[in-house]
Amino acid sequence: MSTTIPSGKDIKRKWYVLDASGKTLGRLATQAASVLAGKTNPLYTPYIDMGDHVVIINAEKIVLTGLKSDQKLYRRYTGFPGGLREESFIKLLARRPEAIVEQAVKGMLPKSKLGRQMATKLKVYKGGQHPHLAQQPVAMDFHASNAPKVLTSKVMVPAHPAHSLEG
């Protein structure tokens, strides 16, 4: 028995779509970051970019828990003296909601060349449409335990009448 060491050349990258509507920002960002880093891949290797592409839609419908939406500030520096700029979550959500999701996901990736390479596979869009239909992305959702779950089909199975809750 031998351990398989993957090469960077023969990686088959998949495309996934995450719908951000009604999802908590941090929980969505952790799922996207783990897929981008390749941690869901059984051949995960820390020093190779094994990640898949992630498309996040409906970025304007992201939510924060508690009072964070009123208190959270986004800071950036222009590069000039006195150039520190602050913007509240609510204003940035109205102006550019993609930046909120991008910053959250990129903050969970490694701070290196490899992390910046992983971040190039992240695509975030404001509405429900995206231009990546040719790549045939698969819808991804996460359930209560927050583990990613690929949706293959949405088939509803009718409940058996003997198992109904009505007396």
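Just above, that's the structure.
Conventions and cut-offs
Residues numbered from 1 in each chain as written. Predicted model: local features only at pLDDT ≥ 70, side-chain atom pairs only at ≥ 80, totals over all residues. Heavy atoms only, no water. Buried < 20%, exposed > 50% of the residue type's maximum accessible area, 1.4 Å probe, protein only. Helix = DSSP H or I, 4+ residues; strand = E, 2+ residues; numbered from the N terminus. Pairing = 2+ DSSP bridges. Core = buried A, V, L, I, M, F, W, Y, C linked by side-chain atoms within 4.5 Å. Contact = heavy atoms within 4.5 Å. 1 Å grid on protein atoms, 1.4 Å probe; cavity = no way out; pocket = protein on both sides within 12 Å on 5 of 7 lines; lining within 4 Å. Points joined across faces, edges and corners; volume = space filled by probe spheres on them. Nonpolar A, V, L, I, M, F, W, Y, C, P; charged D, E, K, R; others polar. Phe/Tyr/Trp six-rings, centres within 6.5 Å; stacked < 30°, edge-to-face > 60°. Lys NZ or Arg CZ within 6 Å of the ring centre and 35° of its normal. Axes fitted to C-alpha atoms, helices over the stretch in contact; angles between N-to-C directions. Parallel < 35°, antiparallel > 145°, perpendicular 65-115°, else oblique. Left-handed = near helix turned anticlockwise from the far one by under 90°.

1. Some thoughts on the pairing of strand β1 (residues 15-19)
- Burial analysis of β1 places four of its five residues in the buried class, the great majority of the element.
- Relative to strand β2 (residues 53-57), β1 runs parallel, the two being bridged by five bridges. In the strand pairing of β2, V17 is matched with V55.
- As defined by bridge partners, β1 adjoins strand β6 (residues 138-142) across three bridges and the pair is classed as parallel. Bridge pairing in β6 places V17 opposite A139.

2. Re the nonpolar core
- In this structure, L18, L25, L28, V54, I56, V101 and V105 are the most contacted members of the largest nonpolar core, which totals 30 residues.
- Contributing elements (two or more residues each) for this core: β1, α1 (25-37), β2, α3 (89-95), α4 (97-106), α5 (113-119), β5 (122-124) and β6.
- Looking at this core, the element that brings in the most residues is α1, giving eight residues.
- Apart from the residues within four sequence positions on either side, V105 is in contact with A29, A32, A33, L36 and L122.

3. Things to note about the layout of surface pockets
- Of the voids in this model, the second largest pocket is the one considered here, and its volume is about 160 Å³.
- In terms of lining, the second largest pocket is formed by Y74, R75, R76, R85, E86, E87, L92, R95, R96, A99 and Q103.
- Of the residues belonging to the lining of the second largest pocket, the class tally is three nonpolar, one polar and seven charged.

4. Some remarks on the packing of aromatic side chains
- Inspection of the entire model under this criterion finds zero aromatic pairs.
- Sitting over the ring of Y74, K72 keeps its end group 5.2 Å from the ring centre.

5. Brief notes about the packing of α1 against α4
- Contact pair α1 / α4: the axes reach a minimum separation of 8 Å and the direction vectors enclose 60°. Relative to α4, the element α1 lies oblique. For α1 against α4, the interelement crossing comes out right-handed. Facing α1, whose interface residues are L25, L28, A29, A32, A33 and L36, α4 presents I100, V101, A104 and V105.
- Tallied by class, residues from the contact of α1 with α4 come to ten nonpolar, no polar and no charged.

Functional significance is not addressed by these values, which are geometric in nature.
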